[in-house]
Amino acid sequence: TWDFICFSETRATTADLDLDGNHKFISHRGKEYGGVAILMNATCVQNFIAKKNFGDIVLAVRLIANGVKLTIISCYFPHAGYAADALEDTYKCLSEAVRWASSFSSCFVVGGDFNTQLNTGARSEKLWHFIGHFNLQVANECENSPTDESYTFESSLSVKRQIDFILTGPGFNILQASATDCLDLQSDHREVKAAMIQKSSCGRHQEDDPRGKQPRQSKWKEPVGFPSKVAAALSEMRPETLTQIEN
């Protein structure tokens, strides 16, 4: 089961649609390429309270479910073939979205195709700076080169890369994350799924860290006494984030 599926590189002629089964599709209106969207399960529609677009390739929705204030952000980053300004503009939009989410609560998830491989090159350094600046966690971080289990994209030359990620705000502890083929999306990217648990206090996000730290993620710990769980999954095609909330 799923609560949210976030799409990347979408082509949409309409913004919002009510679908069969009472699911809700939220997107940018008239974005013909490189857009983003979020599909909301019917069970979550009644918890939906707001959406906001940040440019054309960052979209966020807010909801309150089981007493938890939660924001889901879907994003798409331009690949290296775009002008440098396009990358800078995307980071500005995503920064605005994260600030908007953290003003609501520290429980938020960012899922997307970042077109960046961590620990490789200048784009990686920029992404790590962003992660440290906002005190985020990388759910599916792979410290070494992508393996058959962790890669999310395979090029036409059979080069396997990990360029799709789930990031979380400081209100969550990550339990497990991995790439998966559990969704048949007809995509050249694999999905990424993650299990996380809400911390005992999911309050306001900390102030941005001006030092731009690049924190490594803490390892899994046995959860004790936390009120709710969230499972997230990401794929480039165009789901990016799949979030399930349980009691």
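1. Comments concerning the sheet that holds strand 8 (residues 108–113)
As summarised here, the arrangement of the six strands in space is 5-6-7-8-12-9, forming an open sheet in which the pairing is mixed. Of all strands in the sheet, those bounded by a partner on one side alone are strand 5 (48–53) and strand 9 (137–138). Taken together, the two bridges between strand 9 and strand 12 (residues 164–168) define a ladder with antiparallel strand orientation. The residue of strand 12 that forms the bridge with valine 138 is leucine 167.

2. Considerations on helix 3 (residues 121–133)
An α-helical turn contains 3.6 residues, so any two residues separated by three or four positions project in the same direction. With 13 residues, helix 3 should cover 18 Å at 1.5 Å per step; its first-to-last C-alpha distance of 19 Å lies within 8% of that length. Of the residues making up helix 3, those classed as buried are Ser124, Leu127, Trp128, Phe130, Ile131, Gly132 and His133. With its phi angle positive at about 55°, asparagine 135 sits one or two positions after the end of helix 3.

3. Points about helix 2 (residues 84–102)
Here helix 2 contains 19 residues, and its C-alpha end-to-end distance of 27 Å stays within 8% of the 27 Å for a straight helix at 1.5 Å per residue. Turning to helix 2, its buried residues are Leu87, Thr90, Tyr91, Cys93, Leu94, Ser95, Ala97, Val98, Trp100, Ala101 and Ser102. Residues of helix 2 that are buried make contact with strand 5, strand 6 (58–65), strand 7 (68–76), strand 8 and helix 3.

4. Considering the pairing of strand 8
For strand 8, the buried fraction is high: six of the six residues fall into the buried class. Here strand 8 shows no split at all, with Phe108, Val110 and Gly112 on one side and Val109, Gly111 and Asp113 on the other all buried. The sheet contact formed by strand 7 and strand 8 spans six bridges and is parallel. Bridge pairing links serine 74 to glycine 111 in strand 8. Handedness of the β-α-β unit built from strand 7, helix 2 and strand 8 comes out right-handed.

5. Topic: the environment of isoleucine 131
Looking at where isoleucine 131 falls in the secondary structure, it is placed in helix 3. As a C-alpha pair, isoleucine 131 and leucine 167 span 36 residues in sequence and 8.2 Å in three-dimensional space.

6. Brief notes about the pattern of salt bridges
According to the stated counting rule, one finds two salt bridges in the structure shown. Of the charged contacts, one joins aspartate 18 and lysine 24 as a salt bridge, the two residues approaching to 3.2 Å between their closest N and O atoms. Note on aspartate 18: relative accessible area 66%, which makes it exposed. In this structure, lysine 126 and glutamate 88 form a salt bridge, with 3.0 Å as the shortest nitrogen-oxygen distance. Remark: glutamate 88 occurs in helix 2 and lysine 126 occurs in helix 3; sequence separation between them is 38 residues. Owing to a relative accessible area of 28%, lysine 126 belongs among the partly exposed residues under this scheme.

7. Observations regarding the side chain of threonine 90
Here threonine 90 lies in helix 2. What threonine 90 contacts, discounting residues up to four positions off in sequence, is Ile57, Val58, Tyr76, Phe77 and Pro78.

8. Description of the nonpolar core
Val58, Ile73, Leu94, Val98, Val110, Phe114 and Leu167 are the most contacted members of the largest nonpolar core, which has 27 residues in total. When residues of this core are traced back to their parent elements, those giving at least two are strand 6, strand 7, helix 2, strand 8, helix 3 and strand 12. If you tally residues by element for this core, the top one is helix 2, at eight residues. Those residues in contact with phenylalanine 114, other than ones at most four positions away along the chain, are Cys75, Phe77, Leu94, Arg123, Leu127, Ile163, Phe165 and Leu167. In this structure, Val68, Tyr76, Cys107 and Val192 belong to the second largest nonpolar core, which totals 24 residues.

The rules we used
- Residues numbered from 1 in each chain as written.
- Predicted model: local features only at pLDDT ≥ 70, side-chain atom pairs only at ≥ 80, totals over all residues.
- Heavy atoms only, no water.
- Pairing = 2+ DSSP bridges.
- Helix = DSSP H or I, 4+ residues; strand = E, 2+ residues; numbered from the N terminus.
- Expected span 1.5 Å × (residues − 1).
- Buried < 20%, exposed > 50% of the residue type's maximum accessible area, 1.4 Å probe, protein only.
- Contact = heavy atoms within 4.5 Å.
- Right-handed = clockwise from strand over helix to strand, strands pointing away.
- Salt bridge = Lys/Arg side-chain N within 4 Å of Asp/Glu carboxyl O.
- Core = buried A, V, L, I, M, F, W, Y, C linked by side-chain atoms within 4.5 Å.

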